[in-house]
Amino acid sequence: MKDDYAPKPTREREAQIYQMLVEGHPRAQDHLVRAFLFPMVQKLKSVYTHHSLHDIVDDVVIDTLCRFGKDVGRFEPARGSLWHYLLMDAHGDIRNLAKSATKRSGCMISLDDVELEPAERNESIETQAINAVWPAFLEYVPEGQHPESLIEALNTIRNAPELGAIFDLWQEGVRETDHYAKALGIQDWPSDKRKQKVKQVKDRLITRLRRLGEKLQ
Amino acid sequence: MTAENQNQEMDRLRRRAARRFSEDPFHLGFYLSHYCAERNVTQAELALILGCDENAMTSLGVCRAPGVPGFEHRFEEDVELLSTEFQISKSQLADIINNARFFVSSQEGAKTTFSIRKSYAIAAQDREEAGDGTISLSRPEDPPDAIESRR
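Residues numbered from 1 in each chain as written. Chains lettered and ligands numbered in written order. Predicted model: local features only at pLDDT ≥ 70, side-chain atom pairs only at ≥ 80, totals over all residues. Heavy atoms only, no water.

1. A few points about the pattern of salt bridges
Within this structure, the stated rule accounts for 25 salt bridges over all chains. Among the salt bridges present, the one from Arg16 of chain B reaches Asp58 of chain A, with a minimum N-O distance of 3.6 Å. Taken together, the residues span two chains, with Arg16 of chain B in helix H1 (residues 3-21) and Asp58 of chain A in helix H3 (residues 54-70). A relative accessible area of 1% places Asp58 of chain A in the buried class. Here Lys197 of chain A ties to Glu162 of chain A by a salt bridge, and the two come within 3.0 Å at their closest N and O atoms. (Salt bridge = Lys/Arg side-chain N within 4 Å of Asp/Glu carboxyl O. Helix = DSSP H or I, 4+ residues; strand = E, 2+ residues; numbered from the N terminus. Buried < 20%, exposed > 50% of the residue type's maximum accessible area, 1.4 Å probe, protein only.)

Dropping the structure here:
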């Protein structure tokens, strides 16, 4: 799946486009769309895998680029890449849409009842979003500028039994249960118990990170 | 995804973006669409007028429109830049944008007049329903025609 992505723009290309936008070049928006639209849509569709979300992803990315082209001042290049900034902006909108839909329908949107790749079958849209947002956050906020409380909280999670063992795998976007089972030392367990345990630990990790994210917002 | 599929998907997304951007007066697509609608020409015909292909029209549509708020003083410079970038007629592009802006402002003027007339009609209905000669708070001082005739 990862090899299937269209390449994201290089930092040099990002800088060129950003400069054009700042200078108010009338074609800057066209360059922005050409460089970011397709790779962003592809990246997000690999996270929000359900086909019913694909139109939403298209629209959210287009709206994100449309908004950004008119208000480039809200991006601070010193804080990280434009790619991650835009990706996080779009993620935020998709998460909000998913939350609104959840509230409207009165139940959690679950992907259990839809056709998905096996590894993602039990993940809610929110979980998928967190999975994707977290590494982007860490990249957008340079290591040296992480708030003290964040570093401390992350270290606590990293040092926690079980959670620490899977943290790096999860952050790298690894999906295969076998890798997690090996990290947890349960590779010899029966398949169903192994899957159950991995899911349990991943859920705990996500809950901890979600709470941490809420504190930071 | 094969290279061919990838190109098709990129084209689809860019067309979708162009449609979305054309709803926003900040972008050139907004004025190109208005021009097409008012003059009853297709995008392909407009491309011929400008001297470019339809693919270039998609790109042109997502560009910032010359002369939008904040860039009023750069209208000519922007038209020049865009015509050079897309190899299109500078004078035709300027004419099309100016015409479209006129159509848009005419439509906005018509909408304002309509809304004033509508509020006057509602106020008149309020007075009629009150039936006691009292003046409704929503009543405008004068009908729009009277305001117009005083100018």
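2. Comments concerning the packing of aromatic side chains
Following the criterion strictly, the structure yields 6 aromatic pairs over all chains and no others. A centroid spacing of 5.2 Å and a plane angle of 55 degrees characterise the contact between Phe75 of chain A and Tyr85 of chain A, whose relative ring orientation is tilted. Of this pair, Phe75 of chain A sits in the loop between H3 and helix H4 (82-105) while Tyr85 of chain A sits in helix H4, placing them 10 residues apart in sequence. The same class applies to Phe75 of chain A as to Tyr85 of chain A, namely buried. A ring pair is formed by Phe30 of chain B and Tyr31 of chain B, whose centres lie 5.0 Å apart and whose planes are at 80 degrees; its orientation type is edge-to-face. There is no split in this pair, since Phe30 of chain B and Tyr31 of chain B are both buried. One aromatic cluster is present, built from ring pairs that chain together Tyr18, Phe68, Phe75 and Tyr85 of chain A. Taking NZ or CZ as reference, Lys202 of chain A lies 4.9 Å from the ring centre of Tyr180 of chain A, over its face. (Phe/Tyr/Trp six-rings, centres within 6.5 Å; stacked < 30°, edge-to-face > 60°. Lys NZ or Arg CZ within 6 Å of the ring centre and 35° of its normal.)

3. A look at the packing of helix H2 (residues 28-47) of chain A against H1 of chain B
Between H2 of chain A and H1 of chain B, the shortest axis-to-axis distance is 10 Å and the interhelical angle comes to 115 degrees. Considering the relative orientation of H2 of chain A and H1 of chain B, their crossing is right-handed. The segment H2 of chain A lies against H1 of chain B, with Asp30, Val33, Arg34, Leu37, Phe38, Val41 and Lys45 of chain A engaging Gln6, Glu9, Met10, Arg12, Leu13, Arg14, Ala17 and Phe21 of chain B. (Axes fitted to C-alpha atoms, helices over the stretch in contact; angles between N-to-C directions. Left-handed = near helix turned anticlockwise from the far one by under 90°. Contact = heavy atoms within 4.5 Å.)

4. A look at the environment of Phe86 of chain B
If you trace the backbone, Phe86 of chain B turns up in helix H5 (residues 75-86). Leave out the neighbours within four places in its chain, and Phe86 of chain B touches Arg27 and Asp30 of chain A together with Ala56, Ser59, Leu60 and Cys63 of chain B.

5. Thoughts on the confidence of the model for chain B
Low pLDDT marks regions whose predicted coordinates should not be analysed in detail. Residues and elements named next belong to chain B. Within chain B, residue pLDDT values average 79, and 70% of them lie at 70 or more. Averaged pLDDT values over the elements of chain B bottom out at 42 in helix H7 (residues 144-150) and peak at 95 in H5. Counting interchain partners and residues more than four positions distant, the pLDDT-below-50 stretch residues 132-151 has 18 contacts. With pTM at 0.63, the complex prediction returns an ipTM value of 0.72. (pLDDT = per-residue confidence, 0-100.)

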